[in-house]
Amino acid sequence: MTAPPLHLAVALDAAGWHPAAWRAEDACPTELFGADYWTDLVIEAERGLLDFVTFEDALGLQSAAFHRPDDRTDQVRGRLDAVLLAARVAPLTTHIGLVPTANVTHTEPFRISTGIAALDHASTGRAGLRPQIASRAADATHFGRRTTPQLTDEDVRDPERIGRRLSPLFDEAADAVAAARRLWDSREDDAEIRDAATGGLVDRGKVPHIDFAGEHFGVRGPATVPRPPQGQPPVMSLAHARVPYEFAARVADAVWVTPHDRAGAAAILAQVDAAVRRTGRDTRARPLLRFAEVLVFLDVEPGAAARRKARLDDLDGAELGSDAEVFTGTPGELADLLLDWREAGLDGFRLRPGALPHDLLEITCGLVPELQRRGVFRTAYDATTLRGHLRLPRPASRSARASRTDL
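Predicted, not measured: the structure shown is a model, and the values here were computed from it.

Asks: Got a minute to help me understand the nonpolar core in this structure?
Replies: Here is a general trend for soluble globular proteins: nonpolar side chains tend to be buried in one another's company. In terms of nonpolar packing, the biggest core is built from 105 residues, with Leu8, Phe55, Leu98, Phe349 and Leu351 touching the most fellow members. Looking at this core, the element that brings in the most residues is helix α5 (residues 167–184), giving nine residues. Listed in part, the twelve residues of the second largest apolar core include Phe52, Ala254, Leu386 and Leu392.

Set out below in structure tokens:
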């Protein structure tokens, strides 16, 4: 039986995922905080027919350490708000999915739900959400309302230990996503009448209060934005250990994992499957797509990508470290790796370009044609929404289902 087409996405961040990428010969360091820079990147990703792009974000400045801020001035610090950035790009693209990161520890579910619903309208059905917890205690000082656990140097050497320490934040995040989903469903699809002749703008009976009561949030609702074009914009999460695997199994439509070889991919997917069973999720009714992360340096000339990465390592003063596999090679060699790992049961990949725009262009102009030649990647978009690209059906509104049940 022919395998379904491969899903392919790109993770956009600053000048690239190498901390010295802004010093690469073809980098654009003076443009990182300009809208045109990001628009050009997303348009290029769409030209390559990718499923979606993601935008990184956080509530504090980037740092060399995962768990605490630093005072370095030789690496990029600062980002544009991911949801607003995606909204800026949306009208200038037509097909590619837009998935911003949004912090759910220090941001209310109502605000997140509203922002993503508005993005889905602005993009005519191409929005997604990557909910992120605040893993750094220092971020809480920007708000002054609460504290969060301070990870230690020993903690960050073990993903399982990180997950255990931050488990309460993941529980809270699951509540936040559940509230956001209920808000997306709080207005039925045909609630907006807009009949000027009769003066009827909204059918109030089709805009019920959600009265969400979770362990961490109580949200009355309803949403102030009409139901998103997709009904439910896809939710995606990055996971490295048992607790975040369970979070993904509870709330996500797609999970991003970080294996380092095919055997590792199979082992991680087994852990994801176990998390799905523990949470009682029915994947026939609610599929959970599995993407692997790979940080890539690509060049057509053999050896050139490794030399380029080595130069960036020298500029940064340290060899690049990453939670994901770091690949250096040609587009053909990367295609071999992706198709090999796919046999472990992966649905697709989220690629992290080591340096922008160089490695994004190598993905769209080198990797994509290679995958097309092998018959495993689309040659044209056949859907106009992110759910369509991911082969996820559009769900009916819960309030509409409840109304039918009451009849």
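Still to come is the rest of the account.
Asks: Can you help me understand unusual backbone geometry in this one?
Replies: Excluding glycine, residues mostly carry a negative phi; peptide bonds, for their part, are mostly trans. Across the junction of Gly221 and Pro222, the peptide omega takes the value 0 degrees, indicating a cis bond. Note that Pro222 resides in the loop between β8 (218–219) and β9 (236–238). Here Leu356 and Pro357 are connected by a cis peptide whose omega angle stands at 5 degrees. Considering the arrangement of structural elements, one finds Pro357 in the loop between β13 (348–353) and α10 (358–373).

Asks: Where do I start with the packing of aromatic side chains in this structure?
Replies: Two measures describe an aromatic ring pair: the distance that separates the ring centres and the angle between the ring planes. Scanning all chains against the criterion turns up four aromatic pairs. Feature note: the residues Phe52, Trp256 and Phe291 constitute an aromatic cluster, connected by ring pairs. Its guanidinium or amino end placed over the ring of Trp256, Arg350 lies 3.9 Å from that ring's centre, counting from NZ or CZ. Positioned above the aromatic ring of Trp17, the side-chain terminus of Arg352 is 4.6 Å from the ring centre.

Asks: Sorry, what's going on with empty space enclosed by the protein here?
Replies: Space left empty within the atom packing is revealed by a probe, the size of a water molecule, rolled over the atoms. For the structure shown, the criterion picks out two cavities of 30 Å³ or more. If you trace the largest cavity, you find 15 residues lining it, with Asp13, Ala14, Trp38, Arg79 and Leu80 closest to the centre. Each residue belonging to the lining of the largest cavity can be placed in one class, and the counts come to ten nonpolar, two polar and three charged. Of the pockets and cavities examined, the second largest cavity occupies roughly 40 Å³. Ser113, Thr114, Ala117, Leu183, Trp184, Ala223, Val225 and Pro226 are the residues that line the second largest cavity.

Asks: Explain the pairing of strand β2 (residues 52–55) here, please?
Replies: Regular strands place their side chains on alternate faces of the sheet. Neither face of β2 is left uncovered, since the one carrying Phe52 and Thr54 and the one carrying Val53 and Phe55 both have all their residues buried. Pairing between strand β1 (residues 7–12) and β2: four bridges, direction parallel. When the sheet's bridge partners are listed, Val10 is paired in β2 with Val53. After leaving β1, the chain enters helix α1 (residues 35–47) and then returns to the sheet as β2, a path that is right-handed. Pairing of β2 with strand β3 (residues 97–103) involves four bridges; the strand directions are parallel. Pairing of Phe52 across the sheet is with Gly97, part of β3. For the crossover that starts at β2, traverses helix α2 (residues 82–89) and ends in the parallel β3, the hand is right-handed.

Asks: I keep staring at the pattern of salt bridges and nothing clicks. Help me out?
Replies: If the charged atoms of two oppositely charged side chains come close together, the side chains can form a pair. Under the counting rule described, the total for this entry stands at 36 salt bridges. In this structure, Asp139 and Arg136 form a salt bridge, with 3.5 Å as the shortest nitrogen-oxygen distance. Judged by its relative accessible area of 6%, Asp139 is buried. A salt bridge links Asp253 to Arg181; the nearest nitrogen and oxygen atoms lie 2.9 Å apart. Placement of Asp253 in the loop between α6 (242–251) and β10 (254–257) and of Arg181 in helix α5 is noted, with a sequence separation of 72 residues between them. When sorted by exposure, Asp253 lands in the same class as Arg181, which is buried. Through salt bridges with shared partners, a single ionic network connects Glu56, Arg130, Glu293, Asp323, Arg350 and Arg352.

Rules and cut-offs
- Residues numbered from 1 in each chain as written.
- Predicted model: local features only at pLDDT ≥ 70, side-chain atom pairs only at ≥ 80, totals over all residues.
- Heavy atoms only, no water.
- Core = buried A, V, L, I, M, F, W, Y, C linked by side-chain atoms within 4.5 Å.
- Buried < 20%, exposed > 50% of the residue type's maximum accessible area, 1.4 Å probe, protein only.
- Helix = DSSP H or I, 4+ residues; strand = E, 2+ residues; numbered from the N terminus.
- Phe/Tyr/Trp six-rings, centres within 6.5 Å; stacked < 30°, edge-to-face > 60°.
- Lys NZ or Arg CZ within 6 Å of the ring centre and 35° of its normal.
- 1 Å grid on protein atoms, 1.4 Å probe; cavity = no way out; pocket = protein on both sides within 12 Å on 5 of 7 lines; lining within 4 Å.
- Points joined across faces, edges and corners; volume = space filled by probe spheres on them.
- Nonpolar A, V, L, I, M, F, W, Y, C, P; charged D, E, K, R; others polar.
- Pairing = 2+ DSSP bridges.
- Right-handed = clockwise from strand over helix to strand, strands pointing away.
- Salt bridge = Lys/Arg side-chain N within 4 Å of Asp/Glu carboxyl O.

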